[in-house]
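Descriptive analysis of the structure
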Amino acid sequence: MKRRPFVVLAIVVLLFQLLIPAAAFSKENHYQEHLDSLKDKAEDTPKVIPLEKVDKIFPMKANQLKELNDLRKNYRKDTNFKAQNLNSINMKKVENRRILVSAKEGFDAATYGVEELPLSKTLSKRGYRLVRVPKDVDYQSTLKQMNKDQSIHNAEPDYIHKISYVPSDGYYSYQWQYRPLNMEKAWDVSRGSTDTVVAVLDTGIYPNHPDLNGKILRGYDFVNEDSNPMDDHGHGTHVAGLIGAHADQTGIIGVNPKTKILPVKVADSEGMLTLVDILQGIYYSIDQQVDIINMSFGGYQYSWEIDDALWEAYYNGIVLVASAGNEGTWEPAFPASYYQVISVAATAQDDFITDFSNYGPFINLTSPGKDLLSTYYLNGYQSGSGTSFSAPIVSGLAALIKGKHKNWTPAEIQWAMEANAKTWNKKEWDTFDGYGIPDGYKMIKSSKVDLTKDVPDELFEGRRIGSGYSTYEKIDLPLDYDVYEFKVDREHPKVKLSVTSPTESMDMVMYVFDETLENGWLIDGNFQGEGEEATLNLPEGIYQLVVMDYYGHWSETPYELRMDDGTQDFPDVVGKWAEPFIEYLVDEGLMIGYPDGTFGFSKPITRAAAATVIGRELGLPQQHGSFKDVPKNHWASGYIGAMEKAGILTGYKDGTFRPDQPMTREEMAAVIVRAYELTGSSNVRFSDVDPDSWSYKYISTLVANGIVSGYPDGTFRPGLDIKRSEFATLMARLLSDKF
């Protein structure tokens, strides 16, 4: 008996979809043309942009940041992300001339001659208002005026979205999708947890299907404003079956057979969704404390309000998954192309991307999406195609991980899927595949990403970097940030900053903030695979530097970061406790580093090096001395001889000086007291310094002059080698009043 065909959506089968080129290379050519066009435009764009000019519609300063991810939300280099051009709104894509208003106290709809409409508590309690603009009132002018109103945070059209579905004949393919996902081995490890909840924002779900019975929670219908989110279309039930159909030896099996599903009806019987209903569905899911939100729909209008709601969901630990779109284009579709959302493209049985699937820099993962059998809303089963059905597979995988690792963050769950995925060309990330098709078994067996050596991701907690050397680090997770700190001196205000792109998929961006966070600069003039470089003229002070990937990607390959102000800093000194003392000695020309660019922070200072520093500071004329192990061609011969003649240094009984031997703490005390003719004694007693020892008086004098102290345990450790950093600290305290 031939099964009934799946309900055809009026809005999804567009004629131009039939004209999409089948070959992947054709897509690649189109995308390359797009990139070339962007790069041509970028030649006239400054690489360094003051932060207040990043987004003219939503200006911001760094001290207004709630999260560093606000930087992502406010900066969009692609014109598709910019707030909607208020002069060119396509009214056919707006639901019944409606505007969603995020209002402050004092907003009055009557001021604009618009009709206020009822809105659910889910949005009204968050300050939203919904209005309809009458036909005799200009819609675009009204929207412009609202966005200038001080009593309004934001106003935007109530755009229509659509379900991401492509009809297909059904039943012949069965459940081939589990082969590339390696699910049979994955299910041996875990079949999910009944404590995990996936919210399905869709056309509703038929809860009495035998493969779904008992796992569908009580949800809500925002289309009809009731608590019966019944599916009157079929799309949502199909999605639900792919996520979690029962494993009961009959019918089909979902990716995660144990997970619970929350039906949130935001699409009507024709598969249409409005911005308002989507927003209600997101906030409702947050309030219900779900673990994953699946969004198998899309449109090409960016929404500030949906972006904001999805960030709130993300910060509440919710994994966000959406379908990439079915137009075979690189144009970013939403909600999939919001940074915090996992964008899923579709593959066929050959593991290659389908002709209909969207592609481009925002793709995170691919998953089977052609001819997938699932639950039918009129009972039975039906086959369907589309990125709509790729997304729920990834949602099911995310729920598997969440069930096993309750405390993992959305970024860690996303990383586990991406790090254990494979692309057809074995690249880490690809324009068409993202990170590829996840391997369910490897994913569920994977450990948490190791962040023990990760660069901090909080302002004012960053890693200190200095001038003239490279730092190599990785972007470890999706949406990861690396925060650094650098110092600008009055004498060297011109600072050159550069970062390489670790792979061709990464598009690195840098932000610089001053100490007040009142002033900031964005550095971004290039695209994927090109890196960034810029020179800033900065006032004296400490600056925060944020490094990130524009698209939120991560990589196992490190990037190279450099800061140059014309001076040379030591990488093993920057940020350490002795940095100011060492800087002083270096600036005075008394100490230098090693040929490899390091200072030797923890290395012991040699007797020759100590003699050179003190002899140089005292201005002693260099001359050759009498020590038999210090030949004339020894690099420190002149100062060793000068110190010997001045009576500051003595050798050993065998006539040697042992120039390359480390200097001990007691030897250091004797040399400094003699060199600078220090006097005085201290009442401080150290348990390991005998008053009758030769070094007692020198140590006592140093303590009396406030140059040295002992250890917390009451010892001085006179025979311990003194480190170069410690020696620099003592000399700086001796020579400069500022210490």
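Residues numbered from 1 in each chain as written. Predicted model: local features only at pLDDT ≥ 70, side-chain atom pairs only at ≥ 80, totals over all residues. Heavy atoms only, no water.

Let us look at the overall build of the protein. Scanning the protein from N- to C-terminus turns up 18 helices and 28 strands. By the burial criterion, 59% of the 739 residues in the protein qualify as buried. Across the protein, the fraction of contacts at a sequence separation of at least 24, relative to all contacts at a separation of at least 6, is 77%. Accessible area of the protein: about 30,900 Å², with a carbon and sulfur share of 48%. (Helix = DSSP H or I, 4+ residues; strand = E, 2+ residues; numbered from the N terminus. Buried < 20%, exposed > 50% of the residue type's maximum accessible area, 1.4 Å probe, protein only. Contact = heavy atoms within 4.5 Å. Areas by Shrake-Rupley, 256 points an atom, 1.4 Å probe, with all protein chains shown as cover.)

The sheet built from four strands is open, its strands ordered 21-28-23-26 with antiparallel pairing. Looking at which strands have only one partner, the edges of the open sheet turn out to be strand 21 (470-473) and strand 26 (532-537). For this sheet, the mean angle separating the axes of adjacent strands, direction not counted, is 15°. Examined bridge by bridge, strand 23 (residues 494-499) and strand 28 (residues 559-564) share four bridges and lie antiparallel to one another. (Pairing = 2+ DSSP bridges. Axes fitted to C-alpha atoms, helices over the stretch in contact; angles between N-to-C directions.)

Let us look at unusual backbone geometry. The linkage connecting F334 with the following residue, P335, adopts the cis geometry, with an omega of 15°. Assignment of secondary structure puts P335 in the loop between strand 13 (319-323) and strand 14 (342-347). The backbone phi angle of Q289 is positive, close to 60°, even though this residue is not glycine.

What follows deals with the side chain of Q177. Residue placement: Q177 occurs in the loop between strand 6 (166-167) and helix 5 (178-181). In this structure Q177 comes out as buried when scored by relative accessible area, which is 0%. Apart from residues no more than four positions distant in its own chain, Q177 is found in contact with L242, P368, L372, L373 and I393.

This brings us to the pattern of salt bridges. Considering all chains together, one arrives at 22 salt bridges under this definition. With a closest N to O distance of 3.5 Å, E412 and K448 form a salt bridge. Linking E412 in helix 11 (residues 410-419) with K448 in the loop between helix 12 (440-445) and strand 20 (463-464), this pair joins segments that are 36 residues apart in sequence. Taking relative accessible area as the criterion, E412 reaches 7% and is therefore assigned buried. K448 sits in the partly exposed class, given a relative accessible area of 44%. Where R717 meets D713, a salt bridge forms, and the shortest distance between an N and an O atom there is 3.2 Å. Overall, the relative accessible area of 33% leaves R717 in the partly exposed class. (Salt bridge = Lys/Arg side-chain N within 4 Å of Asp/Glu carboxyl O.)

Another aspect to go through is the environment of P263. Inspection of the secondary structure puts P263 in strand 9 (residues 260-265). Along the primary structure P263 and V198 are separated by 65 residues, whereas in three dimensions their C-alpha atoms are 8.6 Å apart. For P263, the contacting residues outside a window of four places in its chain are V200, I205, I216, L217, G219, Y220 and P229.

This part takes up the packing of aromatic side chains. Here the structure, examined in full by the defined rule, presents 30 aromatic pairs. Judged by centre distance (4.8 Å) and plane angle (85°), the rings of F362 and Y551 are edge-to-face. Taken as a pair, F362 in the loop between strand 14 and strand 15 (365-368) and Y551 in the loop between strand 27 (541-549) and strand 28 lie far apart in primary sequence, 189 residues in all. Here Y511 and F513 contribute two aromatic rings whose centre-to-centre distance is 6.3 Å and whose plane-to-plane angle is 15°, an arrangement assigned as stacked. The exposure classification of Y511 matches that of F513, with both residues buried. Cation over ring: K603 sits above Y594, and NZ or CZ is 4.3 Å from the ring centre. Sitting over the ring of F657, R607 keeps its end group 4.3 Å from the ring centre. (Phe/Tyr/Trp six-rings, centres within 6.5 Å; stacked < 30°, edge-to-face > 60°. Lys NZ or Arg CZ within 6 Å of the ring centre and 35° of its normal.)

With that settled, the discussion passes to helix 9 (residues 304-315). Compared with an ideal rise of 1.5 Å per residue, which puts twelve residues at 16 Å, helix 9 spans 17 Å between its outermost C-alpha atoms and is within 8% of the ideal. For helix 9, the tally of buried residues reaches nine of twelve residues, placing the bulk of the element in the interior. Looking only at helix 9, the buried set comprises W304, E305, I306, D307, A309, L310, W311, A313 and Y314. The distance from a side-chain oxygen at the start of helix 9 to the backbone nitrogen of E305 is 3.3 Å, and the residue carrying that oxygen is S303. In the stretch just after helix 9, G317 is the one whose phi turns positive, near 85°. (Expected span 1.5 Å × (residues − 1). Polar contact = N/O pair within 3.5 Å; in protein donor to acceptor, adjacent residues only side chain to side chain.)

With 89% of its residues at a pLDDT of 70 or more, the protein has an overall mean of 87. The low-confidence segment residues 1-23 (pLDDT under 50) makes 50 contacts with residues lying over four places distant or belonging to another chain. Across residues 167-173 the pLDDT falls below 50, and counting only partners more than four positions away or on other chains, this stretch makes 19 contacts in the model. (pLDDT = per-residue confidence, 0-100.)

Between helix 14 (residues 607-618) and helix 18 (residues 724-735), the least distance of the axes is 12 Å, while the angle of their chain directions is 15°. Between helix 14 and helix 18, the interaxial angle falls into the category roughly parallel. For the pair helix 14 and helix 18, the sense of crossing is right-handed. Note on element contacts: helix 18 touches helix 14 through F727, M731 and L735, opposite A610, V613, I614 and E617. Tallied by class, residues from the contact of helix 14 with helix 18 come to six nonpolar, no polar and one charged. (Parallel < 35°, antiparallel > 145°, perpendicular 65-115°, else oblique. Left-handed = near helix turned anticlockwise from the far one by under 90°. Nonpolar A, V, L, I, M, F, W, Y, C, P; charged D, E, K, R; others polar.)

What follows is about the sheet that holds strand 8 (residues 220-221). Here we have seven strands laid out as an open sheet, ordered 8-9-7-11-13-14-15, and parallel in their pairing. Where the open sheet ends on each side, the last strands, each with one partner, are strand 8 and strand 15. The pairing of strand 11 (residues 292-295) with strand 13 spans four bridges and is parallel. Across the sheet, I292 pairs through a bridge with V319, a residue of strand 13. Its contacts with the sheet place helix 7 (residues 235-244) against strand 7 (197-202), strand 9 and strand 11, and it is angled at close to 155° to strand 7. Sitting on the sheet, helix 8 (residues 275-287) is in contact with strand 7, strand 8, strand 9 and strand 11, with an inclination near 170° to strand 7.

Together, K185, K422, K426 and K442 make up a positively charged patch on the protein surface. The residue K422 is located in strand 18 (residues 421-422) in this model. (Patch = residues over 30% accessible without salt bridge, like charges linked within 9 Å, V, L, I, M, F, W, Y side chains within 5 Å. Lys, Arg positive; Asp, Glu negative; His and termini not counted. Charge placed at Lys NZ, Arg CZ, Asp CG, Glu CD.)

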